[in-house]
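Here is what each chain is made of, one letter per residue.
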Amino acid sequence: MRAAPREAQSGAGEAHVTFNRDIAPIIFNSCASCHRPGEAAPFSLLTYEDVKKHARQIAEVTRTRNMPPWLPEPQKLKFADEMRLPAAQIDLIQQWVDQGELEGNAADLPLQPKFTEGWRLGTPDLILKAEKPLTLPAEGTDTYWNFIFRLPITETRWVKAIEIRPGDKRFVHHANLMVDREQASRRREATPGAGFGGMEIRIESQVFDPDSHLLFWKPGTVPYAEPEGMELRLDKGTDLVLNTHLQPSGKTEVIQPSIGLYFSSHPATKLPMLLQSENDAKLDIPAGDEHFLVTDDFTLPVDVDLLAIYPHAHYLGKDIQAFATLPDGEKETLIHIPHWNLNWQAVYRYAEPVPLPKGTIVSLRYVYDNSEANPLNPNRPPAPVKSGNRSSDEMCHLWLQVLPVNFDAAHGDPRMLLQEALAQHEVEKNPADFEAHYNLAAMFQAKGRLDLAMDEYRSALRLRPEDAIANNAIGSALLAEGHPDQAGAFLEAALKARPDYFDAHYNLGNVLAAQDDFEGASKQFLLALQARPADANAEANLGSALAEMGKFSEAKLHFERALQVDPGNPLAKENLAELQRTMNQK
């Protein structure tokens, strides 16, 4: 006859559940990383007295699976570092509470876990601190703030790990780190170095350089070293932008994040990319609707390995699903969160790469609850909700970190195929999507299909006639195709919208030079240099315009400045040599 488990035995030989023998290992392994001094949790759980004080609360939040905070359902595809407690451990905690929360034999108590204080990965190679702190108000709604970190590097560096220290962890709910290669975010600062507000931001880019890494922090996050070959490239002039979600505490707090960078001596050899599947255009959620469904289906044009996934909705999110339908018809659940909670959103990395062959359909199915029954509904009573960046708006986003595989590099960058397919998908789904038209145009232009590119650029401009980036893109494309007479008007429109726009000044300078207006060209190159001092190409082109005007001494100075910035700049080297020959002949 089989005996009952020890914890369930009764009578004279009863063996009670004790903290030291049974509960401490669970708490130390699954709770103490956040529930300890200096971390985000509101109380410590490192001793018997700490845990006994909160015993019934612990039993309740583990039973309901509110703690540890792990939203995804169990599935075939496993995530790394899963925080889900096994049912047996949840039952053991409840038994301990029911039996009177006994401490047990001191000899059974395991050693307290040892945590690395300070930088978890050791001293970083470069530490960046927010230039100016943010004063978080004592009261009010949640605050979303973006801190800009200006990288003090003089050459391209490769980063194998980034550790985010967001400030006082008790008041920082989560944070995303983004790479801004064109310093576009600085324009949103009212005071230089102070950062700017905003729940969701997009980093503008005018070249094909897709986001590649999910850089995310939440309480309990363990810093992550990228796999070999997947280092992050950071160039001179790049900014890092930390988008933080902050929560008031009842008194004024000062938040000043830091970031630690760990460099690699080796450049990346692999090409990861972030794919964003979304359908914000369908977000028009009626008040009171408790089951509003939004879907999207995207077909992969190349073979990829899926490395990580990051679903995102706001407070009306209810049931979040993403799955893959393979070419043979088999379906794989990528993630399923049946009880979405924005407050515990996270990036989920797969324990092993998930192969998704060309032709796989990646689908999202998001259900939203805009009823009174949703305790997180920001509107009381419920109100109609559409897409937007405010916390009271909604979003339907799914980011996938993928690594293209099984491709022939001789046929080009496979990420361009992914980007083109995604942009085409977005244009077909939502013809009013400005960014989709712009991205598709950029892909066509990169392939040399200027006719198709111009159609898409003009579609983008019809949606945003005064957009500086789109006007500059059309102007630069026309210039590249030998039509400076047509390009000028678009570049002037770009500068009317953004007077300090380096690219538009630079391109307009080239337009005027092509029309032999070297005085006008020199003025535009000077304005470009005001927007971006010490740019080698702008210095070299300014020198060329001045030389055409016979201002040889000034031209020589700018050629030399260009070579100080970039000793190999071909335009400056060739024109300086020609200028010196000309000056020697006189």
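Higher on the page you've got the structure.
Residues numbered from 1 in each chain as written. Predicted model: local features only at pLDDT ≥ 70, side-chain atom pairs only at ≥ 80, totals over all residues. Heavy atoms only, no water.

Chemist: Got a minute to help me understand the overall build of the protein chain in this structure?
Modeler: What the protein chain contains, in helices and strands, is 14 helices and 21 strands. With the C-alpha coordinates of the protein chain rotated into their principal frame, the extents come out at 115 × 50 × 45 Å. Split into buried and exposed, the 586 residues of the protein chain put 50% on the buried side. When contacts within the protein chain are restricted to residue pairs at least 6 apart in sequence, those whose partners lie at least 24 apart make up 74%. Surface summary for the protein chain: the accessible area is close to 28,000 Å², and the carbon and sulfur share equals 50%. Here the protein chain carries 58 positive and 82 negative side-chain charges, and the mean point of each set is 3 Å from the other. (Helix = DSSP H or I, 4+ residues; strand = E, 2+ residues; numbered from the N terminus. Buried < 20%, exposed > 50% of the residue type's maximum accessible area, 1.4 Å probe, protein only. Contact = heavy atoms within 4.5 Å. Areas by Shrake-Rupley, 256 points an atom, 1.4 Å probe, with all protein chains shown as cover. Lys, Arg positive; Asp, Glu negative; His and termini not counted. Charge placed at Lys NZ, Arg CZ, Asp CG, Glu CD.)

Chemist: For this particular structure, what's the right way to read the environment of Ile148?
Modeler: As for its position among the elements, Ile148 is in strand β3 (residues 143-150). Sequence-wise, Ile148 and Leu177 are 29 residues apart; in three dimensions their C-alpha atoms are separated by 9.8 Å. The contacts of Ile148, once residues within four sequence positions are left out, are Ser185, Arg186, Glu189, Phe196, Asp239, Leu240 and Val241.

Chemist: Please clarify how the pattern of salt bridges should be interpreted in this entry.
Modeler: Side chains carrying opposite charge are able to pair once their charged atoms draw close together. Applying the stated rule across the entire model yields 23 salt bridges. The salt bridge partner of Glu101 is Lys52, with a shortest N-O separation of 3.7 Å. On the criterion of sequence distance, the pair formed by Glu101 in the loop between α4 (87-98) and β1 (126-129) and Lys52 in helix α2 (residues 48-53) is long-range, its members being 49 residues apart. Its salt-bridge partner being Arg532, residue Asp535 comes within 3.9 Å of it at the nearest N-O pair. Judged by relative accessible area, which is 15%, Asp535 ranks as buried. (Salt bridge = Lys/Arg side-chain N within 4 Å of Asp/Glu carboxyl O.)

Chemist: Got a minute to help me understand the state of the cysteines in this structure?
Modeler: By definition, a disulfide links the sulfur atoms of two cysteine residues through a covalent bond. For the structure shown, the criterion picks out zero disulfides. Cys34 provides the cysteine sulfur closest to Cys31, a residue in no disulfide bond, and the two sulfurs are 9.1 Å apart. The class of Cys31 is buried, set by a relative accessible area of 14%. (Disulfide = S-S within 2.5 Å.)

Chemist: Can you walk me through helix α7 (residues 450-463) in this structure?
Modeler: Note that an α-helix has 3.6 residues per turn; residues three or four places apart therefore point the same way. Taking 1.5 Å per residue as the helical rise, α7 with its 14 residues ought to reach 20 Å, and the 20 Å between its terminal C-alpha atoms agrees with that figure. What α7 keeps buried is the set Leu450, Ala453, Met454, Glu456, Tyr457, Ser459, Ala460 and Leu461. In this fold, the buried residues of α7 make contact with α5 (414-429), α6 (434-446), α8 (468-480) and α9 (484-497). (Expected span 1.5 Å × (residues − 1).)

Chemist: Sorry if this is basic, but what is going on with the packing of helix α13 (residues 552-565) against helix α14 (residues 570-585) here?
Modeler: Angle between the axes and distance between the axes are the two parameters that describe a pair of packed helices. Put simply, α13 and α14 touch, their axes get as near as 9 Å, and they point 150° apart. Considering the angle they form, α13 stands roughly antiparallel to α14. The handedness of the crossing between α13 and α14 is left-handed. Contact residues: α13 offers Phe552, Ala555, Lys556, Phe559, Glu560, Ala562 and Leu563, while α14 offers Ala572, Lys573, Asn575, Leu576, Leu579, Gln580, Thr582 and Met583. Looking at the contact of α13 with α14 residue by residue, the classes come out as nine nonpolar, three polar and three charged. (Axes fitted to C-alpha atoms, helices over the stretch in contact; angles between N-to-C directions. Parallel < 35°, antiparallel > 145°, perpendicular 65-115°, else oblique. Left-handed = near helix turned anticlockwise from the far one by under 90°. Nonpolar A, V, L, I, M, F, W, Y, C, P; charged D, E, K, R; others polar.)

Chemist: Got a minute to help me understand the side chain of Ser363 in this structure?
Modeler: The residue Ser363 is located in strand β19 (residues 361-368) in this model. Ignoring any residue separated from it by four or fewer positions in sequence, one finds Ser363 in contact with Asp296, Asp297, Gln321, Ala322 and Phe323.

Chemist: Help me understand the packing of aromatic side chains in this model?
Modeler: Per the stated rule, a full pass over the model turns up 12 aromatic pairs. Here the aromatic rings of Trp70 and Tyr348 are separated by 5.2 Å at their centres, their planes lie at 90°, and the arrangement is edge-to-face. Of this pair, Trp70 sits in the loop between α3 (55-63) and α4 while Tyr348 sits in strand β18 (residues 348-356), and the two are 278 residues apart along the sequence. A relative accessible area of 11% places Trp70 in the buried class. Overall, the relative accessible area of 3% leaves Tyr348 in the buried class. (Phe/Tyr/Trp six-rings, centres within 6.5 Å; stacked < 30°, edge-to-face > 60°.)

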